[in-house]
Protein chains: 2
Amino acid sequence: MMELYKRGNIFVISAPSGTGKTTLCDRLLKALTDLKMSISHTTRKPRPGETDGVDYFFVDKETFEKMISNEEFIEWAEVYGNFYGTSKNVISQLMKQGYDILLDIDAQGAKSIKKLYPESILIFILPPSMEELERRLLQRNEDKDTIKKRLSKAEEEISQYKFYDYIVINDNIEEALNDLLCIVCAERLKTKRIKHDEIEKIFKK
Amino acid sequence: MMELYKRGNIFVISAPSGTGKTTLCDRLLKALTDLKMSISHTTRKPRPGETDGVDYFFVDKETFEKMISNEEFIEWAEVYGNFYGTSKNVISQLMKQGYDILLDIDAQGAKSIKKLYPESILIFILPPSMEELERRLLQRNEDKDTIKKRLSKAEEEISQYKFYDYIVINDNIEEALNDLLCIVCAERLKTKRIKHDEIEKIFKK
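Residues numbered from 1 in each chain as written. Chains lettered and ligands numbered in written order. Predicted model: local features only at pLDDT ≥ 70, side-chain atom pairs only at ≥ 80, totals over all residues. Heavy atoms only, no water.

Looking at an unreviewed UniProt entry, one finds chain A named Guanylate kinase and attributed to Thermodesulfovibrio autotrophicus. The heading Catalytic activity (unreviewed entry) in the UniProt record of chain A holds the text "GMP + ATP = GDP + ADP". According to its UniProt record, chain A has this under Function (unreviewed entry): "Essential for recycling GMP and indirectly, cGMP." (UniProt positions renumbered as here; feature names shortened; annotations may be inferred.)

Right, dumping it as structure tokens:
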């Protein structure tokens, strides 16, 4: 079957930490080989097992600041003292290669993406309740201060949900994954993402 | 899990005859018990096996015309000498019962629905090619004149596809069904269809 639908679609996923976003994104990427995660730049030090160019592009603060002043980022943010940014170049390379793009960023970043790419698709993942979110954060054995900070950030983030196109509740991981797969599948079928010349070719005898 | 998403969504499916629309709609309704087909009124005589109130509401021309003048239809059309119409009352009853609604109507009817219900979702099903459509119509053992008429109507209908929200190509029935299931699933997850008071209840501690 010919490719009737355009690729280069940008899917943005935001979620407070503890919502299961990382697991969901990993599963989504495994299920859809034509969807690629955009790798962010960060000044954070690599954690054990993290690889440069796979998990992040690890750069020093000077490099990051130079990239900011060169306007190389679509969006960037400082989170807990570290810088994170989405490079325009990384996105445009993935687009050129014919992939759809997955971005894992916060509400502020999502807004910047939507501004630059109005056709991008914003998905917000919510925990089933604040109690459940707290329970999940406690399971991670994080200290009380971190949990408190994350919960307060979560509430702030959640208040932004109305700006997003889709809301997925992660009560059950398989159901939430299915929701995400449906969103990607359906968005790709939108008339506005179709290659109109291909359609016309078929129906001109 | 609580119901976070509103029902009463209207899904409109249009397709030229021979595209497999009827089979797809039947399969979709079997898969999704909270989606109900809106039963049309028609002046066409029942075919063997058709039941009044199940396949159609079979009415005589006089009744149909009275319903037109009483503005009881959202849309109605004359097709090959018979009248077909979607009753406002049928739709509102299904909405009251908490169902999503499936409508199988032509491009003209789809436009009327969108006008009255701007949040309705329009899906156009296309055959993979005109040759394949002709082959499918030939398999039905219809006479050459009918096929010619249907093909010419198909070309006319297809020219309307840009007005629809989604395009599904029925090359393979299972894939096309999956596309439809994804569209319904994804549309139900849209932020604009969420019950905002339910979300706020969860996140107010």
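Asker: Hey, could you run me through the UniProt feature "coiled-coil region" (unreviewed entry) in chain A in this one?
Answerer: The feature "coiled-coil region" (unreviewed entry), as annotated in UniProt, sits at residues 130-157 of chain A in this numbering. The distance separating the terminal C-alpha atoms of residues 130-157 of chain A is 12 Å; by composition the span is 86% helix and 0% strand. (Helix = DSSP H or I, 4+ residues; strand = E, 2+ residues; numbered from the N terminus.)

Asker: Explain the pattern of salt bridges here, please?
Answerer: Oppositely charged side chains can pair when the atoms bearing their charge come close. Residues and elements named next belong to chain B. On inspection of all chains with the given rule, the structure shows 28 salt bridges over all chains. The residue Asp-34 makes a salt bridge to Arg-7 at a minimum N-O spacing of 3.5 Å. Here the residue Asp-34 occupies a position in the loop between helix H1 (21-31) and strand E2 (35-37), and Arg-7 occupies one in the segment before strand E1 (10-14), the gap between them amounting to 27 residues. On the accessibility criterion, Asp-34 (26% relative accessible area) is partly exposed. Residue Glu-174 pairs with Arg-27 through a salt bridge whose shortest N-O separation is 3.0 Å. (Salt bridge = Lys/Arg side-chain N within 4 Å of Asp/Glu carboxyl O. Buried < 20%, exposed > 50% of the residue type's maximum accessible area, 1.4 Å probe, protein only.)

Asker: Help me out: how do you make sense of the interface of chain B and chain A in this one?
Answerer: Opposite the 37 residues of chain B that make contact, chain A presents 37 residues. Here chain B is connected to chain A by two salt bridges. Note that A:Glu200 and B:Lys162 form a salt bridge whose closest N and O atoms lie 3.6 Å from each other. Across the contact surface, chain B and chain A share twelve residue pairs in polar contact (both at pLDDT 80 or more). Secondary structure elements with two or more residues in the side of chain B that touches chain A: helix H5 (130-139), helix H6 (144-158), strand E9 (166-169), helix H7 (173-188) and helix H8 (196-203) of chain B. In terms of residue class, the side of chain B that touches chain A is built from 24 nonpolar, three polar and ten charged. (Contact = heavy atoms within 4.5 Å. Polar contact = N/O pair within 3.5 Å; in protein donor to acceptor, adjacent residues only side chain to side chain. Nonpolar A, V, L, I, M, F, W, Y, C, P; charged D, E, K, R; others polar.)

Asker: What's the story with helix H4 (residues 107-116) of chain A in this structure? I'm lost.
Answerer: Helical periodicity: at 3.6 residues per turn, an α-helix aligns residues three or four positions apart in one direction. All names here are of chain A. When we look at burial in H4, the residues that qualify are Ala-107, Gly-109, Ala-110 and Ile-113. Buried positions in H4, seen along its axis, are confined to an arc of 155° and lie on one side of it. Exposed residues on H4 whose side chains face more than 90 degrees from its buried face are Gln-108 and Lys-115. (Arc of directions from axis to C-beta.)

Asker: Even after reading the chapter, I still don't get the sheet that holds strand E5 (residues 73-79) of chain B, so can you show me in this structure?
Answerer: Note: strands within a sheet are paired through backbone hydrogen bonds, in either parallel or antiparallel orientation. All names here are of chain B. Reading across the sheet, the four strands line up as E4-E3-E6-E5 and stay open at both edges, with mixed pairing between neighbours. Every interior strand has two partners, whereas the edge strands, strand E4 (57-58) and E5, have only one. Helix H3 (residues 88-96) contacts strand E3 (41-42), E4, E5 and strand E6 (82-87) of the sheet and is inclined by roughly 35° relative to E6. (Pairing = 2+ DSSP bridges. Axes fitted to C-alpha atoms, helices over the stretch in contact; angles between N-to-C directions.)

Asker: Looking at this structure, how should I read the confidence of the model for chain A?
Answerer: A low pLDDT score tells you not to read the predicted coordinates there in detail. Here chain A averages 91 in pLDDT, and 98% of its residues register 70 or above. By mean pLDDT, helix H8 (residues 196-203) of chain A is the weakest element of chain A at 79, and strand E4 (residues 57-58) of chain A is the strongest at 98. (pLDDT = per-residue confidence, 0-100.)

Asker: Sorry if this is basic, but what is going on with the relation of the copies chain B and chain A here?
Answerer: Between the two copies of the chain lies a rotation about an axis combined with a shift along it. Each copy of the sequence occupies a distinct position, and chain B is placed on chain A by a rotation of 180° and an axial shift of 0.0 Å, giving an RMSD of 0.0 Å. With respect to symmetry, the two chain copies, as superposed, fit the operation of a two-fold axis. Taking C-alpha positions as reference, the residue of chain B nearest the rotation axis is B:Cys182, located at 2.2 Å. Most of the interface of chain B is mirrored in chain A: 100% of its interface residues are interface residues there too. (Least-squares fit on C-alpha atoms with pLDDT ≥ 70 in both.)

Asker: Is there a simple way to explain the nonpolar core in this structure?
Answerer: In summary, soluble globular proteins display a tendency toward joint burial of nonpolar side chains. Residues A:Ile123, A:Ile167, A:Ile199, B:Ile123, B:Ile167 and B:Ile199 are the most contacted members of the largest nonpolar core, which totals 110 residues. What A:Ile123 contacts, discounting residues up to four positions off in sequence, is A:Phe11, A:Val12, A:Ile13, A:Ser14, A:Tyr164, A:Tyr166, A:Val168, A:Leu180 and A:Ile183. (Core = buried A, V, L, I, M, F, W, Y, C linked by side-chain atoms within 4.5 Å.)

Asker: Would you mind showing me how to read the environment of A:Phe11 here?
Answerer: All names here are of chain A. Residue placement: Phe-11 occurs in strand E1 (residues 10-14). Residue Phe-11 is classed as buried on the basis of its relative accessible area, which comes to 0%. What Phe-11 contacts, discounting residues up to four positions off in sequence, is Leu-35, Asp-100, Ile-101, Leu-102, Leu-103, Ile-121, Ile-123, Ile-183, Val-184 and Glu-187.

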